[in-house]
Amino acid sequence: MTIEQELAALRGGAPEKSPSVRTLAGFARHCDCAVSNLALATRTDLDTLLKGTDFEVKSGQDPQAFLRGNKFEQIVKDMDCAALLKLLREKAGFSITEARLANLRVGSAPNLQGLKRRAFRTRMELKKIVSGRKDAYNILDGAVLSCHIAGRIAYFETDGLAATFAGKIHPIEVKSFPCTDGRCDSEKLGAACDQAAWYALLVRLTLLDLGLRADAVSDNGFIVLPEGVGLAPTLLVQNLSTRIGRAGRLLALAPKGAEILRFASGLHFPSDQEQAQKRVNALENIMDTAGTAYHPDCLQDCGMARLCRFRAQNIGHPSMCGSHVMRFLPGVLSLQRAIELASGEKPAQAESHAAAALVRAKTVYDRVLSKGTI
């Protein structure tokens, strides 16, 4: 049995979820969670496994936001990307007067074979661009990039576009959240920059695989957003160098097929058709065996988050106090243990740093209660 077949067996009857750049960006927040690693390696869709239970996480995009996003993307791309080209000239200093646009979706079926076809064509077009061919396109729409995750090739369709200028390739992300007076939601902008950074990294890896210069990909990415409450587009130039470096380090940490098979021996995810309580029991067995790392951010994008939070509450895990508290309690597995250490219990080696801080904090706390002063 191949590694791919063994990983599919670990997924069991659970629904499959193809990795996306959003998945990779989310992995950045969950790389310390063994269950998250297992789901990524087996391509298990965690969003539906707790459906019909007390721990179901409501997921999915607001239909109105979805329609707004599609409409905005259409405005940006209409008339051979005329609006985008105008922004590139005015906001990014592009000197090109005509967009030589390649829509790689044309002629490719919306399935795995279509993705493979587009990935091959993407490689060929990138080779033309970096080689300085006169027939090279300067804007690619629907490019597909790939990398290995857990011993299998994963394909990633770019949400936005890729453009070239002065011999450099720039990732472009088209998002529909508003930008007013050059300001926008910092969290959403950060997520968009993370996705653009992943695209930049994957393009660099593709170029290296082709024996070409990785530095042909710019550190700058372009985020295209609506100006204000309307749908008139504007463009923000963002330096992605730090995020690209971080994405590279995280990709190196992505689960390896052989490692996953070693620690997950005997485990498999339940089918989403099984009875609700059986699914919960099976998932808790996986969590007990493999281990999890709950923190409040998990509620944003993990289908297991509410079950993890319930388990953390039951044991009084420090994560229930937020990430800022967790940073001060390394090695401490429960709030009850934190109380014991603060009261003078002998710490284990992993608890020693936190124990010293807890004792000092309790000394101050007791002094304030008894004397009313620090």
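In short, a report on the structure. As the structure is a computational prediction, the values presented were derived from the model and not from experiment. (Residues numbered from 1 in each chain as written. Predicted model: local features only at pLDDT ≥ 70, side-chain atom pairs only at ≥ 80, totals over all residues. Heavy atoms only, no water.)

### Details of the packing of helix α12 (residues 335-342) against helix α13 (residues 352-371)
Orientation of α12 relative to α13, taken along the N-to-C sense of each, is 70 degrees, at an axis distance of 8 Å. Classified by the angle between their axes, α12 and α13 sit roughly perpendicular to one another. The crossing of α12 and α13 is right-handed. Residues Ala-338, Leu-341 and Ala-342 of α12 touch α13, and the partners they reach there are Ala-355, Leu-358, Val-359 and Lys-362. The residue makeup of the contact of α12 with α13, split by class, is six nonpolar, no polar and one charged. (Axes fitted to C-alpha atoms, helices over the stretch in contact; angles between N-to-C directions. Helix = DSSP H or I, 4+ residues; strand = E, 2+ residues; numbered from the N terminus. Parallel < 35°, antiparallel > 145°, perpendicular 65-115°, else oblique. Left-handed = near helix turned anticlockwise from the far one by under 90°. Contact = heavy atoms within 4.5 Å. Nonpolar A, V, L, I, M, F, W, Y, C, P; charged D, E, K, R; others polar.)

### Section: the pairing of strand β3 (residues 144-149)
If a strand is regular, its side chains alternate between the two faces of the sheet. Pairing of β3 with strand β4 (residues 152-157), which is carried by six bridges, proceeds in the antiparallel orientation. Opposite Ile-149, over in β4, you have Arg-152 as the bridge partner. Connecting β3 to the next strand, β4, in antiparallel fashion are two residues, including Ala-150 with a positive phi near 55 degrees. (Pairing = 2+ DSSP bridges.)

### Details of the nonpolar core
If you look at the biggest cluster of nonpolar residues, it comprises 80 residues, and the most contacted ones within it are Trp-198, Leu-207 and Phe-269. Among the elements that make up this core, the one with the highest residue count is helix α6 (residues 186-209) (twelve residues). Core analysis: the next-biggest nonpolar cluster, separate from the first, contains 18 residues, Leu-84, Val-174, Phe-222 and Val-224 among them. (Core = buried A, V, L, I, M, F, W, Y, C linked by side-chain atoms within 4.5 Å. Buried < 20%, exposed > 50% of the residue type's maximum accessible area, 1.4 Å probe, protein only.)

### Overview of helix α2 (residues 21-30)
With seven of its ten residues buried, α2 lies for the most part within the structure. Those residues of α2 not exposed but buried are Val-21, Leu-24, Ala-25, Gly-26, Phe-27, Ala-28 and His-30. As for α2, its buried residues are in contact with α3 (34-42), β3, β4, α6 and α7 (241-253).

### Quick look at the packing of aromatic side chains
Tallied over the full model, the rule gives two aromatic pairs. When the centroid spacing of 5.2 Å and the interplanar angle of 50 degrees are considered together, the rings of Phe-55 and Phe-310 count as tilted. With Phe-55 in the loop between α3 and α4 (63-92) and Phe-310 in helix α10 (residues 305-315), this pair connects stretches of sequence that are 255 residues apart. Its relative accessible area of 37% is what places Phe-310 among the partly exposed residues. (Phe/Tyr/Trp six-rings, centres within 6.5 Å; stacked < 30°, edge-to-face > 60°.)

### Looking at the packing of helix α9 (residues 276-290) against α10
The packing of two helices is summarised by the inter-axis angle and the distance between the axes. The N-to-C vectors of α9 and α10 enclose an angle of 65 degrees; their axes lie 12 Å apart at closest approach. Compared by their axis directions, α9 and α10 come out roughly perpendicular. The chirality of how α9 crosses α10 is right-handed. Residue-level contacts link Val-280, Leu-283, Glu-284, Met-287 and Asp-288 of α9 to Leu-307, Cys-308 and Arg-311 of α10. Broken down by class, the residue content of the contact of α9 with α10 amounts to five nonpolar, no polar and three charged.

### Some words on the layout of surface pockets
As a volume, the second largest pocket reaches approximately 330 Å³. If you go around the second largest pocket, you meet 18 residues; those closest to its centre are Thr-292, Ala-293, Tyr-294, His-317 and Ser-319. Elements that contribute at least two residues to the lining of the second largest pocket include exactly α10 and α11 (323-326). Top element by residues in the lining of the second largest pocket is α10. It accounts for four residues. Classifying every residue of the lining of the second largest pocket by side-chain character gives nine nonpolar, five polar and four charged. (1 Å grid on protein atoms, 1.4 Å probe; cavity = no way out; pocket = protein on both sides within 12 Å on 5 of 7 lines; lining within 4 Å. Points joined across faces, edges and corners; volume = space filled by probe spheres on them.)

### Some points on the sheet that holds strand β5 (residues 161-165)
What the six strands build is an open sheet, ordered β1-β2-β5-β6-β9-β10; its pairing is mixed. Single-partner strands in this sheet number two, and they are β1 (101-103) and β10 (233-239). Averaged over all pairs of adjacent strands, the angle between strand axes in this sheet comes to 25 degrees, irrespective of strand direction. With three bridges connecting them, β1 and strand β2 (residues 139-141) associate as parallel partners. Following the sheet pairing, Asn-103 is matched in β2 by Asp-141. Each of β6 (168-174), β9 (220-226) and β10 touches α6; the most contacted strand, β6, lies at about 145 degrees to it.

### Quick word on unusual backbone geometry
Located in the positive-phi region is Asp-80, a residue other than glycine, with phi close to 55 degrees. Examined against the element boundaries, Asp-80 turns out to sit in helix α4. Non-glycine residue Asp-181 carries a positive phi angle of around 55 degrees. Looking at the secondary structure, you find Asp-181 in the loop between β7 (179-180) and β8 (183-184). Here Asp-181 falls in the exposed class, since its relative accessible area comes to 70%.

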